[in-house]
Amino acid sequence: MSLTFHWFLPTYGDSRYLVGGGHGTPTHTAGGARPATLAYLGQIARSAEQLGFEGALTPTGAWCEDAWLSTAMLAEVTERLKFLVAFRPGLLSPTLGAQMAATFQRHSGQRLLLNVVTGGESHEQRAYGDFLDKDARYARCDEFLEVVRGLWRGERVDFAGEHVRVEGAELTRVPDPVPQVYFGGSSPAAGDVAAKHADVYLTWGEPPAKVAEKIQWIRQLAAAQGRAPRFGIRLHVISRDTSEQAWAEAQRLLDALDPSVIEQVQAGLGRSESEGQKRMLELHRGSTSELEIYPNLWAGVGLVRGGAGTALVGSHAEVAERIEEYHALGIDEFVLSGHPHLEEAYWFGEGVLPVLERKGLWRHPARAEAEPAPASIPFAGAPTPAS
């Protein structure tokens, strides 16, 4: 299977330095020297499309612009790029969510992917009017996705669960194809829902041994449901022509961090309810030393940013080697980002992707789509009539 790469749309702003935000960090830590205008996000989206990225992940929360509205507008300035948009059970009804997805899928030309965000932090959920605790949110997510899946199958749905209730729900037009559902989470409750509903299980960038454990965990849970999801990983990246150049860039980003900001962000992240966030914090424990936690895997991003906090750092060949290593574990999709997102897309797209293409591990989506079908020649191979 050819590897799939997605990029990231910084709808909170971009910078030549690390930008914080998410998972318990103060909302005002997001932003940067480049505002998240449609013009700038369009530059990133078009560049990602041209370079060969399949799609682009968009964040969600009070610290950034709305993912649905932003990507709907960006669909107009792109042709092939798909959008991995946050699907948030509890913040909208399952019927409306299923309808929105169907509409987006039709009007974008089948370019919607869905990233299920159950809600990792209670204080953020309460700000949106959701007062369930974490385990109840996952139970509701299960019910939500069950209703959505039924609607996408064209069924008339009557459902009365503990958290979700609909009567006579149906869609006039179902999405074709049904959007792929991406799902992440490290808690037992998250694993159960992922096993039942995820098309792609996403993990944040941990060392390979820990990633292998998570893959095995989800595979076993999914097999009990008669399912076999694909696997993806969320990472940042700093790729350069030489290893020395890449690590010098990582050091530049680290040197620019204010120790008081690191302390403030780490205090906020330390209160996170997310098991995945706790695993990210364990990789560096708030220290700026020994941040290379595995060859070419750097935990410096997580000092000031919630969520995915690790980056692949190295020469293009080294980054490609780490990608191959994760792929050998079962990872087929890579959701990447870098600061700033426009320039780093080019460093990776023009540096690493050609290496992987030469190894037969990746092919540009546009070239794959444009490949001509075998010619059909009438009577080819038929016996030649006698003259």
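Residues numbered from 1 in each chain as written. Predicted model: local features only at pLDDT ≥ 70, side-chain atom pairs only at ≥ 80, totals over all residues. Heavy atoms only, no water.

The chain is annotated in an unreviewed UniProt entry as LLM class flavin-dependent oxidoreductase from Saccharopolyspora mangrovi.

Asks: Teacher, can you tell me more about the overall build of the chain here?
Replies: A count of helices and strands for the chain gives 13 helices and 13 strands. The globule rule puts the C-alpha radius of gyration for 387 residues at 21 Å, and the 22 Å found for the chain is close to it. If you line up the chain on its principal axes, its C-alpha atoms span 90 × 60 × 45 Å. Here the chain holds 387 residues, and 55% of them are scored as buried. As displayed, the chain offers around 16,900 Å² of accessible surface, 51% of which is attributable to carbon and sulfur atoms. Side chains of the chain carry 36 positive and 48 negative charges; the gap between the two charge centres is 2 Å. (Helix = DSSP H or I, 4+ residues; strand = E, 2+ residues; numbered from the N terminus. Rg over C-alpha atoms; globule rule 2.2 N^0.38 Å. Buried < 20%, exposed > 50% of the residue type's maximum accessible area, 1.4 Å probe, protein only. Areas by Shrake-Rupley, 256 points an atom, 1.4 Å probe, with all protein chains shown as cover. Lys, Arg positive; Asp, Glu negative; His and termini not counted. Charge placed at Lys NZ, Arg CZ, Asp CG, Glu CD.)

Asks: When you look at the environment of Leu-235 in this model, what are you seeing that I'm missing?
Replies: Relative to the assigned elements, Leu-235 resides in strand E9 (residues 230-240). With relative accessibility at 0%, the residue Leu-235 sits in the buried group. Excluding residues within four positions of it along the chain, Leu-235 makes contact with Gly-205, Leu-297, Thr-310, Leu-312, Tyr-326, Val-335, Leu-336 and Ser-337. (Contact = heavy atoms within 4.5 Å.)

Asks: Mind showing me how you'd approach the nonpolar core here?
Replies: Nonpolar side chains in soluble globular proteins generally cluster together in the buried interior. Phe-5, Ile-323 and Phe-348 are the most contacted members of the largest nonpolar core, which has 72 residues in total. Considering every element that reaches this core, the biggest residue donor is helix H5 (residues 134-152), with 8 residues. In contact with Ile-323, not counting residues within four places along its chain, are Leu-3, Phe-5, Leu-312, Phe-334, Phe-348, Val-352 and Leu-356. Within the second largest apolar cluster, 18 residues are counted, among which are Leu-257, Met-280, Ala-299 and Val-304. (Core = buried A, V, L, I, M, F, W, Y, C linked by side-chain atoms within 4.5 Å.)

Asks: I would appreciate a short explanation of a nonpolar patch on the surface in the present structure.
Replies: On the surface, Leu-38, Leu-69 and Met-73 cluster together into a nonpolar patch covering about 300 Å² of accessible area. If you trace the backbone, Leu-69 turns up in helix H2 (residues 67-74). Judged by relative accessible area, Leu-69 falls into the exposed class, the value being 55%. (Patch = residues over 30% accessible without salt bridge, like charges linked within 9 Å, V, L, I, M, F, W, Y side chains within 5 Å. Salt bridge = Lys/Arg side-chain N within 4 Å of Asp/Glu carboxyl O.)

Asks: Sorry, what's going on with the pairing of strand E5 (residues 157-160) here?
Replies: In regular strands, side chains alternate between the two faces of the sheet. Taking every second residue as pointing to the same face, the buried face of E5 carries Val-157 and Phe-159, while none of Asp-158 and Ala-160 on the other face is buried. Where E5 lies against strand E6 (residues 165-169), 3 bridges are found, and the strand directions are antiparallel. Following the sheet pairing, Val-157 is matched in E6 by Ala-169. Linking two consecutive strands that pair antiparallel, namely E5 and E6, is a turn of 4 residues. (Pairing = 2+ DSSP bridges.)

Asks: Help me out: how do you make sense of the pairing of strand E7 (residues 180-184) in this one?
Replies: Pairing of strand E4 (residues 112-116) with E7, which is carried by 4 bridges, proceeds in the parallel orientation. Across the sheet, Leu-114 pairs through a bridge with Val-181, a residue of E7. Looking at chain direction, E7 and strand E8 (residues 200-204) are connected through 3 bridges and run parallel. Residue Tyr-182 lies in a different strand from E8, and its bridge partner there is Val-200. A crossover connection joins E7 to the parallel E8 through helix H6 (residues 188-197); in handedness this β-α-β unit is right-handed. (Right-handed = clockwise from strand over helix to strand, strands pointing away.)

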